[in-house]
Amino acid sequence: MSLMGFLDRYADVSAIDTAIEPARRAVQGLPSGLKDVLHGTWLGHPLHPVLVQVPVGTWVSAGLLDAVPRLRPAATLLIGTGVAAAVPAAMSGAADWSEQGAGVRRLGAVHAVLNTAALGLYVGSLVARSKGRGTLGRVLAYSGLGVAGGAAAIGGHMSYAQSSGASHAATAVRALSSDWIDLGPLDDLPEGRPTMRTGKGGSMAVPLAVVRRGARVDVFVGACSHLSGPLDEGVVETVRGSECLVCPWHGSAFDLDNGEPRRGPAANPQEKLEARMEAGRVMARVPSRHR
Ligand code: FES
């Protein structure tokens, strides 16, 4: 088993689910506008990895400054900054976590417990420093750094090995051929609702979600950027002033004009293909960044 293989073993343990489900339901009960802010839907990028830069950066820097006696007051300032920044970082992580699959949620619960413990150690460090107990303050801070490092390793495994936060649509689009794909006659497409067409992708077929609005056709990768939900089974709705393709799994809404998310939990845009008409037939191909 690889060094991190035990995390995947743990992610298969369903016994933890009943313990974490109440927390998940509580987070899911937050107002949708607040959740979209926390997801990073407005940014077009997950917000959590952006926010965690502050506590990670300040706490690592504080660890270095604590090693130099005359720089320890600056270390205290950095620790305080990291403690304050950890709160919104945790909130954004919780919002994303609540809409992930079972394995990610199980690892995410451990990630959250360790980060909470690290936060407690750093708060304890600040209290100790304020009372003039510098040695204890440094011991608590270095302990917090170690625990936070373990939590970060788990977070990295969730992102890279379990694809939480990554765009699942970007993965799918890379499987498509870079040639123009014939999606059939325009007249065969229903008006105003998504339909599945299949794109050529080397040895595999790639589902596409196609929406016709009059003479206009918008073609998207069929796998939702959030967790690969089937967008061809979704609906077209106006969301926050934009006509959107709405995913049937968790309700993410993507602007038909450009694929930008208008409602989460998706934070990444949906991959949209170039489209043109040729003798009454719809042709599509992947954007040049993927060719
Ligand atoms: S898979 Fe979650 S919103 Fe589409």
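- Going by an unreviewed UniProt entry, the chain carries the name Rieske domain-containing protein and comes from Blastococcus saxobsidens.
- In its Sequence similarities (unreviewed entry) section, UniProt records this for the chain: "Belongs to the bacterial ring-hydroxylating dioxygenase ferredoxin component family."
- Under the heading Cofactor (unreviewed entry), UniProt records this for the chain: "[2Fe-2S] cluster".

## Details of the overall build of the chain
Right, on to step 1. Helix and strand counts for the chain stand at nine helices and 10 strands.
Right, on to step 2. Expressed along its principal axes, the backbone C-alpha trace of the chain runs to roughly 80 × 45 × 35 Å.
Right, on to step 3. In the chain, buried positions account for 46% of the 291 residues.
Right, on to step 4. Contacts in the chain between residues at least 24 apart in sequence constitute 58% of all its contacts with a sequence separation of at least 6.
Right, on to step 5. Accessible surface computed for the chain: about 13,800 Å², of which carbon and sulfur atoms make up 61%.
Right, on to step 6. Averaging the coordinates of the 28 positive side-chain charges in the chain and doing the same for the 24 negative ones gives two points 10 Å apart.

## Overview of the UniProt feature "transmembrane region" (unreviewed entry) in the chain
Right, on to step 1. Under the UniProt annotation, the feature "transmembrane region" (unreviewed entry) is placed at residues 74-95, 107-127 and 139-160.
Right, on to step 2. Across residues 74-95, helical content stands at 100% and strand content at 0%; the span's end C-alpha atoms are separated by 32 Å.
Right, on to step 3. Secondary structure across residues 139-160 comprises 100% helix and 0% strand; the distance between its end C-alpha atoms is 32 Å.

## Some points on the packing of aromatic side chains
Right, on to step 1. Across all of its chains, the model carries one aromatic pair by this definition.
Right, on to step 2. We note arginine 276 situated over the ring of tryptophan 180; from NZ or CZ to the ring centre the distance is 4.1 Å.

## Digging into the environment of aspartate 179
Right, on to step 1. With respect to the element layout, aspartate 179 can be found in the loop between helix H9 (168-173) and strand S1 (181-185).
Right, on to step 2. Sequence separation between aspartate 179 and lysine 200 is 21 residues, and the spatial gap between their C-alpha atoms is 8.8 Å.

## Overview of the pairing of strand S3 (residues 204-213)
Right, on to step 1. Buried residues dominate S3, accounting for seven of its 10 residues.
Right, on to step 2. Connecting the antiparallel pair S3 and strand S4 (residues 216-221) is a turn made up of two residues, with glycine 214 showing a positive phi of about 65 degrees.

## Some remarks on the sheet that holds strand S6 (residues 242-246)
Right, on to step 1. A sheet is described by the order of its strands in space; here four strands give the open sequence S5-S6-S7-S8, paired in antiparallel fashion. The open sheet is flanked by strand S5 (235-239) and strand S8 (261-263), the only strands paired with a single partner. Across the sheet, the mean angle separating the axes of adjacent strands is 45 degrees when strand polarity is ignored.
Right, on to step 2. Sheet analysis places strand S7 (residues 253-255) next to S8, joined by two bridges and oriented antiparallel. Paired with phenylalanine 254 across the two strands is proline 261, which belongs to S8.

## Re the domain arrangement of the chain
Right, on to step 1. In terms of domain boundaries, the chain breaks down into domain 1 (5-160) and domain 2 (168-290).
Right, on to step 2. Domain 1 and domain 2 are separated by 36 Å when their C-alpha centres are compared.
Right, on to step 3. The interface is formed by 12 residues belonging to domain 1 together with 13 residues belonging to domain 2.
Right, on to step 4. A buried area of about 830 Å², summed over both sides, lies between domain 1 and domain 2, and 50% of it is on carbon and sulfur atoms.
Right, on to step 5. By the criterion of area lost to domain 2, the three top residues of domain 1 are Asp36, Thr41 and Glu99, representing 51% of everything that side buries.
Right, on to step 6. If you look at where domain 1 meets domain 2, you find one salt bridge.
Right, on to step 7. For arginine 240, the salt bridge is made with aspartate 36, and the minimal N-O distance between the two is 2.6 Å.
Right, on to step 8. A breakdown of the residues in the side of domain 1 that touches domain 2 according to their chemical character gives one nonpolar, nine polar and two charged.

What counts as what
- Residues numbered from 1 in each chain as written.
- Predicted model: local features only at pLDDT ≥ 70, side-chain atom pairs only at ≥ 80, totals over all residues.
- Heavy atoms only, no water.
- UniProt positions renumbered as here; feature names shortened; annotations may be inferred.
- Helix = DSSP H or I, 4+ residues; strand = E, 2+ residues; numbered from the N terminus.
- Buried < 20%, exposed > 50% of the residue type's maximum accessible area, 1.4 Å probe, protein only.
- Contact = heavy atoms within 4.5 Å.
- Areas by Shrake-Rupley, 256 points an atom, 1.4 Å probe, with all protein chains shown as cover.
- Lys, Arg positive; Asp, Glu negative; His and termini not counted.
- Charge placed at Lys NZ, Arg CZ, Asp CG, Glu CD.
- Phe/Tyr/Trp six-rings, centres within 6.5 Å; stacked < 30°, edge-to-face > 60°.
- Lys NZ or Arg CZ within 6 Å of the ring centre and 35° of its normal.
- Pairing = 2+ DSSP bridges.
- Axes fitted to C-alpha atoms, helices over the stretch in contact; angles between N-to-C directions.
- Domains from an automatic or database assignment.
- Buried area = accessible area lost by both parts, 1.4 Å probe.
- Salt bridge = Lys/Arg side-chain N within 4 Å of Asp/Glu carboxyl O.
- Nonpolar A, V, L, I, M, F, W, Y, C, P; charged D, E, K, R; others polar.

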